[in-house]
Amino acid sequence: MDLPPHGYRATKPRARAAPPTGDPILFDDTSSSPPAMNSQGYYTPGYNMGGPTNDMQGGPGMTNLFADPMTNAAMMYGSSLANQGKDMVNKEISRFMSMNKLKYFFAVDTRYVMKKLLILLFPYTHQDWEVRYHRDTPLTPRQDVNAPDLYIPTMAFITYILLAGIALGIQKRFSPEVLGLCASTALVWVVIEVLVMLLSLYLLTVHSDLSTFDLIAYSGYKYVGMIFTMLCGLLFGSDGYFVGLAWSSCALMFFIVRSLKMKIVPSLSSDSMGTGSSAKPHFRLYITIATAVFQPIIIYWLTSHLVR
């Protein structure tokens, strides 16, 4: 007799059913395939991940822009205006300062600088003070040691400012404001001296071969004496300062008198101040001596507060 099955049921392994073919797929893999086209031949909406079009790259649109005759005419007109403006600016600058003349005062070499410094500190041994010319044009400083230059005054001015900073630092009085005041004061005194010299030559109607750059050069040579005076004061104290001041002042006065004597040409108009031609040498002498005597005063004024 067969017993009925109790608590036991034979099972068969079920086959995994495949997904129905009719169910829609939620997401399409579009990473490697181009966007599908619908039945009307248009792309389905989506983000364009490709590069910019030709219009964005300046293709046919930019080519047509530069090919436009009106655009080319406007560019040519703007270029001509820019060139005219540049020429006007250069013309206005050349009215006050000639670059070729300025280059003349910086045409120096090491040999000229050494010889010029020796003349500034020891002018008594120098014999020939005449400035040489070639076809009515003065020789450059590297060719003539008597020619004035702006290289030594410029370098001496910078050295003076650095030495003033050192002196103030030693005395615990250094500050950017004090150093800036020293630099501006030294520069302003040179400007005042040059303006007074030009005004004197104009009022006394004394015509000379001195240009504005010449006067700046001769006025700027005092920085060499100022450096020498400050070094003597820093190394040897107050006694060394006054000895250096006396030496540099006498040397600079001698240099100024001998140099300006060759440059200033006395020439008065016939009716100037009612004086005759016999007064001509006196004007040259007065201007030369006044310029020379002014140098020691400025040297003392600009260096006495730096050396104690």
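Residues numbered from 1 in each chain as written. Predicted model: local features only at pLDDT ≥ 70, side-chain atom pairs only at ≥ 80, totals over all residues. Heavy atoms only, no water.

The name given to the protein in an unreviewed UniProt entry is Protein YIF1, with Takifugu flavidus as the source organism. According to its UniProt record, the protein has this under Sequence similarities (unreviewed entry): "Belongs to the YIF1 family." Here the protein is described in UniProt, under the heading Function (unreviewed entry), as follows: "Has a role in transport between endoplasmic reticulum and Golgi." (UniProt positions renumbered as here; feature names shortened; annotations may be inferred.)

### Topic: the packing of helix α7 (residues 212-220) against helix α8 (residues 222-263)
Closest axis-to-axis distance for the α7/α8 pair is 9 Å, and the angle between their directions is 150°. Between α7 and α8, the angle is such that the two are roughly antiparallel. Between α7 and α8, the residues in contact are Asp 214, Tyr 218, Ser 219 and Gly 220 and Lys 222, Tyr 223, Phe 255, Ile 256, Ser 259, Leu 260 and Lys 263, respectively. Grouping the amino acids of the contact of α7 with α8 by side-chain chemistry returns five nonpolar, three polar and three charged. (Axes fitted to C-alpha atoms, helices over the stretch in contact; angles between N-to-C directions. Helix = DSSP H or I, 4+ residues; strand = E, 2+ residues; numbered from the N terminus. Parallel < 35°, antiparallel > 145°, perpendicular 65-115°, else oblique. Contact = heavy atoms within 4.5 Å. Nonpolar A, V, L, I, M, F, W, Y, C, P; charged D, E, K, R; others polar.)

### With respect to empty space enclosed by the protein
A probe matching the size of a water molecule, rolled over the atoms, marks out where space remains unfilled. Across all of its chains, the model carries three cavities of 30 Å³ or more by this definition. If you add up the space inside the largest cavity, you get close to 80 Å³. If you go around the largest cavity, the residues you meet are Glu 193, Val 194, Met 197, Leu 215, Tyr 218, Ser 219, Ile 256, Leu 260, Thr 291 and Gln 295. Elements with a contribution of two residues or more to the lining of the largest cavity: α6 (176-203), α7, α8 and α9 (280-303). Split by residue class, the lining of the largest cavity holds six nonpolar, three polar and one charged. One number sums up the size of the second largest cavity: a volume of about 60 Å³. Lining the second largest cavity are Lys 116, Ile 119, Trp 129, Val 131, Val 145, Asn 146, Tyr 218, Phe 255, Ser 259, Met 262 and Lys 263. Counting only elements with at least two residues in the lining of the second largest cavity, the list comes to α4 (110-121) and α8. (1 Å grid on protein atoms, 1.4 Å probe; cavity = no way out; pocket = protein on both sides within 12 Å on 5 of 7 lines; lining within 4 Å. Points joined across faces, edges and corners; volume = space filled by probe spheres on them.)

### With respect to the packing of aromatic side chains
Counted under the stated rule, the structure contains 14 aromatic pairs. Ring plane angle 25° and centroid distance 6.3 Å describe the contact between Tyr 160 and Tyr 223, whose orientation is recorded as stacked. Remark: Tyr 223 occurs in helix α8 and Tyr 160 occurs in helix α5 (residues 151-170); sequence separation between them is 63 residues. For the pair shown, Tyr 160 and Tyr 223 are each scored as buried. Relative to Phe 255, the ring of Tyr 218 has its centre 6.3 Å away and its plane inclined at 50°; by these criteria the two rings are tilted. Taken together, the residues Tyr 218 in helix α7 and Phe 255 in helix α8 connect sequence positions 37 residues apart. Taken individually, Tyr 218 and Phe 255 each receive the classification buried, so the pair is uniform in this respect. (Phe/Tyr/Trp six-rings, centres within 6.5 Å; stacked < 30°, edge-to-face > 60°. Buried < 20%, exposed > 50% of the residue type's maximum accessible area, 1.4 Å probe, protein only.)

### A word on unusual backbone geometry
With the exception of glycine, the majority of residues adopt a negative phi angle, and the majority of peptide bonds are in the trans configuration. At Lys 172, a position not held by glycine, the phi torsion is positive, near 60°. Within the secondary structure, Lys 172 is located in the loop between α5 and α6.

### Quick look at the environment of Val 196
Position of Val 196 among the secondary structure elements: in helix α6. We classify Val 196 as partly exposed; its relative accessible area is 48%.

### Notes on the packing of α5 against α8
To characterise two packed helices, one gives the angle between the axes of the helices and the distance between these axes. With their axes 8 Å apart at the nearest point, α5 and α8 run at an angle of 25° to one another. One element, α5, and the other, α8, form an angle in the roughly parallel class. The hand of the α5/α8 crossing is left-handed. Mapping the contact onto sequence places Ile 152, Pro 153, Ala 156, Phe 157, Thr 159, Tyr 160, Leu 163, Ala 164 and Ala 167 in α5 and Tyr 223, Val 224, Met 226, Ile 227, Met 230, Leu 231 and Leu 234 in α8. Class assignment of the residues belonging to the contact of α5 with α8 gives a composition of 15 nonpolar, one polar and no charged. (Left-handed = near helix turned anticlockwise from the far one by under 90°.)

### Things to note about the layout of surface pockets
What the second largest pocket holds in volume is close to 230 Å³. Every residue lining the second largest pocket is listed: Lys 101, Tyr 104, Phe 105, Val 131, Tyr 133, Thr 137, Pro 138, Pro 148, Asp 209, Ser 211, Asp 214 and Lys 263. Listed by contribution, the elements that provide at least two residues to the lining of the second largest pocket are α3 (99-104) and β2 (137-138). For the lining of the second largest pocket, the class distribution of residues is six nonpolar, two polar and four charged.

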